[in-house]
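Architecture at a glance
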Amino acid sequence: MVLMITITAGVIFALLGLKKTFYPMWALLFNVLLAIYAAVMLTPVVLDKFETLGYFGNYSRALSLLAIALSVFVVAQLLTFRFLTAVYCVSFPVILNNAGAGILGFITGFVISNFVIFLISVTPILQNPSLQKLSSDAEAGGSVNSHLISTCNVINKLSLQCYEKAPEEAVEYITEHSSHPAPPVPPSSGAADSSIPEPNE
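Below you will find a few notes about this structure.

Remarks on the overall build of the chain
- Of regular secondary structure, the chain possesses eight helices and zero strands.
- Listing each helix as α and each strand as β along the chain from the N terminus yields α-α-α-α-α-α-α-α.
- Put simply, the chain has 201 residues, and 35% of those count as buried.
- Restricting the contact set of the chain to residue pairs at least 6 apart, pairs at least 24 apart contribute 83%.
- Surface exposure of the chain reaches about 12,400 Å², of which carbon and sulfur atoms provide 68%.

Shown next, in the form of structure tokens:
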């Protein structure tokens, strides 16, 4: 189910890319990658520095990820439009403008959908019975986490970071600290009866 969602999102963004050109779609994809990278790398720091986020309980990590990603993306997109895409007109061959924009659009949709599924996976939402299928698919093999780590590694390498495993450790930190405790199970009647001491004869 996760694969179907990501592919569907990729196709939708690919169709959107066909209506645009290669240059603005490249800028959009880069800003998305930058926003996701910033969200993943900064969330552990934010959660450690601002203990008040614990007020949101199991939703604190998802809210931090979403807030940082949206903030970085909006700022990056505005700066890109102001100083690049709205100022310089870069022309490419027709094939590259069409096919290239579609491919970049597919990658953009695939990356965004993986990030959204990761956001949902670190909240108690997947405990809902209607989402158990999505939960089992997301946890099987850690495919969503591996795709997210690969996404972050792109920007990590471009930023010339010395420590290549930083994105992987950040994702592990977020997932390990988002475990949702299971509701307490009431003792069975037999166990309850056995726990009552018998009177001495």
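Once the structure has been displayed, the description carries forward.
Some points on the layout of surface pockets
- Empty space within the second largest pocket amounts to approximately 210 Å³.
- Secondary-structure elements contributing two or more residues to the lining of the second largest pocket are helix H2 (22-49), helix H3 (60-85) and helix H4 (94-121).
- Considering only residue class, the lining of the second largest pocket consists of eleven nonpolar, no polar and no charged.

Observations regarding H3
- Over its 26 residues, H3 extends 35 Å from the first C-alpha to the last, a length consistent with the 38 Å expected when each residue adds 1.5 Å.
- Within the sequence span of H3, burial applies to Ser60, Arg61, Ala62, Ser64, Leu65, Ile68, Ala69, Ala76 and Thr80.

Quick look at the nonpolar core
- By size, the foremost hydrophobic cluster in this structure holds 32 residues, and its most contacted members are Ile36, Val40, Leu65, Phe115, Phe118 and Leu148.
- Of all elements in the fold, only H2, H3, H4, helix H6 (143-158) and helix H7 (166-176) reach the threshold of two or more residues within this core.
- The greatest single-element share of this core, amounting to eleven residues, is contributed by H2.
- If we skip the residues at most four places from it in the chain, Phe115 touches Ile36, Ala39, Leu65, Ala69 and Leu148.

What about the packing of H2 against H3?
- Where H2 meets H3, the axes come as close as 7 Å, and the angle between the chain directions of the two elements is 145°. H2 and H3 meet at a crossing whose hand is right-handed.
- Residues that form the contact of H2 with H3 fall into these classes: 20 nonpolar, seven polar and one charged.

Concerning the packing of aromatic side chains
- A full pass over the atoms with the stated rule returns three aromatic pairs.
- Relative to Phe30, the ring of Trp26 lies with its centre 6.0 Å away and its plane at 20°, an arrangement referred to as stacked. Of the two residues, Trp26 and Phe30 are both situated in helix H2; the distance of four residues between them amounts to about one turn of the helix.
- Classification of Phe30 as partly exposed rests on a relative accessible area of 34%.
- In this arrangement the basic side chain of Arg82 is found over the ring face of Phe83, its NZ or CZ atom lying 5.2 Å from the centre.

Topic: the side chain of Ser64
- On the secondary structure map, Ser64 appears in helix H3.
- Not counting the four nearest positions on each side in its chain, Ser64 is found in contact with Thr43, Val46 and Leu47.

Side note on H2
- The terminal C-alpha atoms of H2, which comprises 28 residues, lie 40 Å apart, in line with the 40 Å expected from a rise of 1.5 Å per residue.
- At Leu42, H2 shows its largest bend, some 40°, and a proline, Pro44, comes one to four positions later.

Describing the packing of H3 against H4
- One can describe the packing of H3 onto H4 by two numbers: an axis separation of 8 Å at closest approach and a directional angle of 150°. With respect to each other, H3 and H4 are oriented roughly antiparallel. Note that H3 runs across H4; the crossing there is left-handed. In contact with Ala62, Leu65, Leu66 and Ala69 of H3, H4 contributes Phe115, Phe118 and Leu119.
- When the residues that make up the contact of H3 with H4 are grouped by side-chain class, the tally is seven nonpolar, no polar and no charged.

Focus on the side chain of Thr43
- Within the secondary structure layout, Thr43 lies in helix H2.
- Take Thr43: its relative accessible area is 0%, and that puts it in the buried class.
- One polar contact links the side chain of Thr43 to the main-chain carbonyl oxygen of Ala39, over a distance of 2.5 Å.
- Discounting residues that sit within four places of it in the chain, Thr43 has contacts with Arg61, Ser64, Leu65, Ile68 and Ile174.

The rules behind the values
- All chains use their own residue numbering, which begins from 1 and follows the written sequence.
- Local features in this predicted model are restricted to residues whose pLDDT is 70 or higher, and side-chain atom pairs enter the listing and the counts only when it is 80 or higher, whereas totals over whole chains, interfaces and linings include all residues.
- Calculation of side-chain values draws on the structure's entire complement of heavy atoms; hydrogens and water are dropped beforehand.
- Helix numbering and strand numbering both begin at the N terminus, where a helix is a DSSP run of H or I of at least 4 residues and a strand a DSSP run of E of at least 2.
- Whether a residue is buried, partly exposed or exposed follows from its accessible area with a 1.4 Å probe, protein chains only, as a fraction of its type maximum: under 20%, in between, or over 50%, in that order.
- Here, residues are in contact when the closest pair of their heavy atoms is within 4.5 Å.
- Only the protein chains shown count as covering a residue, and every accessible area follows the Shrake-Rupley method with a 1.4 Å probe.
- As defined here, a cavity is a set of points on a 1 Å grid over the protein atoms alone where a 1.4 Å probe fits but cannot get out. A pocket is an open set with protein on both sides within 12 Å along at least five of seven lines, and residues line them when an atom is within 4 Å of a point.
- Grid points are joined across faces, edges and corners, and a volume is the space filled by probe spheres set on the points.
- Residues are sorted three ways: Asp, Glu, Lys and Arg are charged, Ala, Val, Leu, Ile, Met, Phe, Trp, Tyr, Cys and Pro are nonpolar, and all the rest, Gly among them, are polar.
- The span expected for a helix works out to 1.5 Å for each residue beyond the first.
- Buried Ala, Val, Leu, Ile, Met, Phe, Trp, Tyr and Cys residues that are joined via side-chain atoms within 4.5 Å together make up what is termed a nonpolar core.
- A fitted line through C-alpha atoms serves as each axis, taken over the contacting stretch for helices, and the angle formed by two N-to-C directions is quoted from 0 to 180°.
- If you view the pair so one helix is near and one far, a crossing is left-handed when the near helix is turned anticlockwise from the far one by less than a right angle, and right-handed when it is turned clockwise.
- For Phe, Tyr and Trp, where Trp contributes only its six-membered ring, two rings pair if their centres lie within 6.5 Å, and the inter-plane angle classes them as stacked under 30 degrees, edge-to-face over 60, or tilted in between.
- Ring-over charges, as used throughout, are those where CZ of Arg or NZ of Lys falls within 6 Å of the ring centre and within 35 degrees of the ring normal.
- Fitting axes to the seven residues ending at a residue and to the seven starting there, one defines the bend at that residue as the angle between these axes.
- When an angle is under 35 degrees it counts as roughly parallel; over 145 it counts as roughly antiparallel; between 65 and 115 it counts as roughly perpendicular; any other value is oblique.
- Residues adjacent in sequence count toward polar contacts only when both atoms are side-chain atoms; beyond that, a polar contact is any pair of N or O atoms within 3.5 Å, and within protein one must be able to donate a hydrogen and the other to accept it.

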